Amino acid sequence: MRPHDLTPMTARCPDDLLAMVAVTLGFTPTDSVAMLTFGVTHPFHARVDLPDGKDDVPDVVECLVDPAVRNGVRRVVLVLFSEDEAMAGRVWRALRDGFRDAGIVVLEALRADGRRWFPLLGGDRLAADLGMPYDVNAHPFVVQAVLCGRVTLADRAELARTLLPVPARVGEVAAALELQPLRWGRDDPPEGDVILAEGEWTELLVEHLVARGSAPEADIVARLLRGLVLLRVRDAAWATITADSAEEHVAWWSDLLRRTPPELAAPAATLLAWSAWQAGHGALAWCALDVAFAAEPDYTLATTLAELLTAAVPPSAWAEMGPMDWRLGLHRVA
């Protein structure tokens, strides 16, 4: 089964919520606030870091309340992952007030420190004082996710490490790049017919290899990376990413990114991020955007996607705009 074959999860107790958050994000958060949304056509999840100091608490509230309001959310569940009871309490009270002022109901709120969870909405006084032990490693939600091919990682850092370059494989591609003449650069693009031909080659190549789950040889990767520096050619690859194929694209672009020299990573990392967004893997999308911005801080498509993620825009909103025609430059972002 593929990751998106995962059946819906219904939480009936705090342990279920904690497992649901880990499976939904793809990792177990630390020093974070996780939000699950309900009562909306396109529910979404979000995670933000806990602040370093009290002055930053309003920023955390804004990061969660604003997209909830913008998307018409009616109900939320909040889980604060922290061992710092004082800071978690300060953030919780600010969030409670912020959602109340926005007319959004907080169905449940917990603090979890990795060993025990503590209710934040009242209830059992003993649980609030001493906490309730939990361990989601063998929880049915997590087990089901593993069976469906979705592994829950220890933390976000481990998720980010899955995108790190593999030196030996990067070396193979770098050697292939040296053997290929540099036919163009972004500031010195080729003629239109050449771009069109390269775009068509890229579109057919990506569609074929993604459908087969095949990894290209190093010389093909080198040519692909050379082409992706051209926005029109990048758009040809971008146009192949659909909601139905997004999971397969996540796997394929992840593998390609691990083979890409860091200085050329912005287009491939952004296309991975786009695939992850379309597949519903927001945390992976952010990790891929980190790679893109490290390579090229002003890469516009990455900036655009970051804005969409921050606003919690559902992937379906892009599909509703209609098909992309990269040959005409429609839906193209510079």
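Bear in mind the structure is a predicted one, so any value in this text is a computation, not a measurement. (Residues numbered from 1 in each chain as written. Predicted model: local features only at pLDDT ≥ 70, side-chain atom pairs only at ≥ 80, totals over all residues. Heavy atoms only, no water.)

*Asks:* Can you walk me through the packing of aromatic side chains in this structure?
*Replies:* Each aromatic ring pair is specified by the distance between its two centres and by the angle formed by the two planes. Evaluation of the coordinates by the stated rule reveals five aromatic pairs. For the ring pair W274 and W277, a centre distance of 5.0 Å and an interplane angle of 80° mean the geometry is edge-to-face. Separated by three residues within a single helix, W274 and W277 lie in helix α12 (residues 265-279), roughly one turn from each other. Judged on exposure class, the residue W274 and its partner W277 are both buried. Taking the centre distance of 4.9 Å and the plane angle of 80° together, the rings of W274 and W318 count as edge-to-face. Highlighted residues: W274 in helix α12 and W318 in helix α15 (residues 316-319), separated in sequence by 44 residues. Since its relative accessible area comes to 18%, W318 is described here as buried. Grouping aromatic residues by their ring pairs yields a cluster made of W238, W274, W277 and W318. A cation sits over an aromatic face here: R223 above W201, 3.8 Å from the ring centre. (Phe/Tyr/Trp six-rings, centres within 6.5 Å; stacked < 30°, edge-to-face > 60°. Helix = DSSP H or I, 4+ residues; strand = E, 2+ residues; numbered from the N terminus. Buried < 20%, exposed > 50% of the residue type's maximum accessible area, 1.4 Å probe, protein only. Lys NZ or Arg CZ within 6 Å of the ring centre and 35° of its normal.)

*Asks:* Please clarify how the nonpolar core should be interpreted in this entry.
*Replies:* Where a protein is soluble and globular, its nonpolar side chains tend to be buried together. L18, W238, W252, W253, W274 and L305 are the most contacted members of the largest nonpolar core, which totals 74 residues. Looking at this core element by element, the count peaks at eleven residues for α12. Those residues in contact with W253 that sit more than four places away from it in its chain are V206, L228, A237, I241, A268, L271, L272 and S275. If you look at the next biggest cluster of nonpolar residues, it comprises 26 residues, including V57, V61, V76 and L78. (Core = buried A, V, L, I, M, F, W, Y, C linked by side-chain atoms within 4.5 Å. Contact = heavy atoms within 4.5 Å.)

*Asks:* Sorry if this is basic, but what is going on with the sheet that holds strand β1 (residues 32-38) here?
*Replies:* Two orientations exist for strands paired in a sheet by backbone hydrogen bonds: parallel and antiparallel. Spatially, β2-β1-β3-β4-β5-β6 is the arrangement adopted by the six strands of the open sheet, whose pairing is mixed. At either margin of the open sheet sits one strand with a lone partner, and together these are β2 (45-49) and β6 (132-133). Summarising the sheet, strand β3 (residues 75-81) and strand β4 (residues 105-112) pair through seven bridges and their orientation is parallel. When the bridges of β4 are listed, R75 appears paired with V105. Most of the contacts of helix α3 (residues 85-101) go to β3, to which it runs at about 170°, and overall it touches β1, β3 and β4. (Pairing = 2+ DSSP bridges. Axes fitted to C-alpha atoms, helices over the stretch in contact; angles between N-to-C directions.)

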